[in-house]
Amino acid sequence: IHKPMRIAQIVSTYPPYRGGMGGVAYEYTERLRARGADVEVLTLENKDAQDIPEYVHHIHPLVSVGNAGIAPSIFRRLREYDILHLHYPFFGGAEPVGIRKLCGRHHALLLTYQMDAVGEGLRGLIFKIHSKIVLPWIIKAVDRVLVTSMDYARTSELRHIKGVFQKTEVHPLGVDLARFHPGSEPEMKHLLGIAPDVPVLVFVGGLDTAHHFKGLPVLIKALQHIQNAPWHLIVVGEGNLKQSFIELAASVQLSDRIHFLGGVDDATLPKCYRTADIHVFPSTERAEAFGLVALEAAASGIPSIASDLPGVRTVVQNNSTGILVPPSDPLKLSSAILTLLEEKSLRTKLGKSARKNAELQYNWEDIISNLMICYQSILAAVRKNFSIS
């Protein structure tokens, strides 16, 4: 009789750090544990983390650069788990996971391919070498590759790896439909000094170097073109680039209409979406692979104006749940914003459609059920092969 499966979520960042990859691992961990699964997290050390649950293990890296870190001790720590769920990219952490799989064939190894790593200069060169040499080797070791959409996967670095799509499954991310729901927040508008009848735009994203591709400067430039229209923008996010964005808004005389709220708490974030009429998602690069914020906006019943990027366009459906515009094009972005500002009935229609789509496709309960089925089938196959050999 087999023991219950022990699952390790292996990820470079984890809350309280705010980022998509750690957020996904967090949702998987908490929702699987709520169903009684034995799940633990292995992540790089975070000096800001406090009151860490006993099932979250912070690993001290030998060397760390940004959100990457060489952490060979992961190899030793993985011995006791049945399922290794690696969230990629994780430079310096993915390699010991791959070696552990090759050394212990009884482990089931899944890899969630979150995004292509994009960078410039030396960083970009390292990413390129990793995707050409290390990634194919890791993919060969894994039992299943999970992707959030085939649209992104087929345009990603995965496409260069022979046979990868034969072991690829689509597992989209989900959204908490009870936490993010339609409504209005007149009190927040009042606190921010926004008149009740003025439409509000919302931008949600990290304002640090690691999230340089979120496109806030493009949005600020777009808003310059429509200064005569009535609007206010709420910016939710924190990071080392925030001050430069505040200065950019001041330089184009928009300080009184752009409200930087910083990193808000979990109770306030849904209120930010409900205060808004339109969500703007102007990412500039394919490092944006899905768009959890667009799902949160959809669940809140508001449309997104998003960059036409692989993966993102799976979540935001053009003229159905939002509007797609070319990345890094302030003029096209301003035109789309103006359309939704002027056509209230259109934004209401797109917002209702977005909520309905979120309910049908992105309910966390169904997504976690599918993940558990995936885990069980892979582990059964691995155990069968291991017992035969």
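What comes next is a walk through the structure.

Conventions used here
- Residues numbered from 1 in each chain as written.
- Predicted model: local features only at pLDDT ≥ 70, side-chain atom pairs only at ≥ 80, totals over all residues.
- Heavy atoms only, no water.
- Axes fitted to C-alpha atoms, helices over the stretch in contact; angles between N-to-C directions.
- Helix = DSSP H or I, 4+ residues; strand = E, 2+ residues; numbered from the N terminus.
- Left-handed = near helix turned anticlockwise from the far one by under 90°.
- Contact = heavy atoms within 4.5 Å.
- Nonpolar A, V, L, I, M, F, W, Y, C, P; charged D, E, K, R; others polar.
- Pairing = 2+ DSSP bridges.
- Right-handed = clockwise from strand over helix to strand, strands pointing away.
- Buried < 20%, exposed > 50% of the residue type's maximum accessible area, 1.4 Å probe, protein only.

All right, on to the packing of helix H3 (residues 94-103) against helix H4 (residues 121-141) then. Here H3 crosses H4 at 35°, and the two axes come no closer than 9 Å. For the pair H3 and H4, the sense of crossing is left-handed. Taken together, the residues of H4 that come into contact with H3 (itself represented by Ala94, Glu95, Gly98, Ile99, Lys101 and Leu102) are His130, Val134, Trp137, Ile138 and Ala141. Considered class by class, the residues forming the contact of H3 with H4 number 7 nonpolar, 2 polar and 2 charged.

So, on to the sheet that holds strand S13 (residues 278-281). Here 6 strands make up an open sheet; going across it, the order is S12-S11-S10-S13-S14-S15 and the pairing parallel. Edge positions in the sheet fall to strand S12 (258-262) and strand S15 (322-325), since each of these pairs with one other strand and no more. Pairwise comparison of adjacent strand axes, ignoring direction, gives a mean angle of 20° for this sheet. Taken strand by strand, helix H10 (residues 292-299) contacts strand S10 (200-204), S13 and strand S14 (304-307), and its axis lies near 175° from that of S13. Its contacts with the sheet place helix H12 (residues 330-342) against S10, S13, S14 and S15, and it is angled at close to 165° to S15.

Another point: the pairing of S14. Note: S13 against S14, 3 bridges, orientation parallel. Among the inter-strand pairings, Phe281 is bridged to a residue of S14, identified as Ala306. Taken together, S13, H10 and S14 constitute a β-α-β crossover, and its handedness is right-handed. Alignment of S14 against S15, held across 4 bridges, turns out to be parallel. Residue pairing across strands places Ser307 opposite Val325, the latter belonging to S15.

Considering the arrangement of structural elements, one finds Val147 in strand S8 (residues 144-147). Looking at Val147, the relative accessible area reads 3%, which means it is buried. Val147 sits 164 residues away from Gly311 along the chain, and the two C-alpha atoms are 9.7 Å apart. When neighbours within four sequence positions are excluded, Val147 is seen to be in contact with Tyr113, Ala153, Leu158, Thr168, Glu169, Val170, His171 and Pro172.

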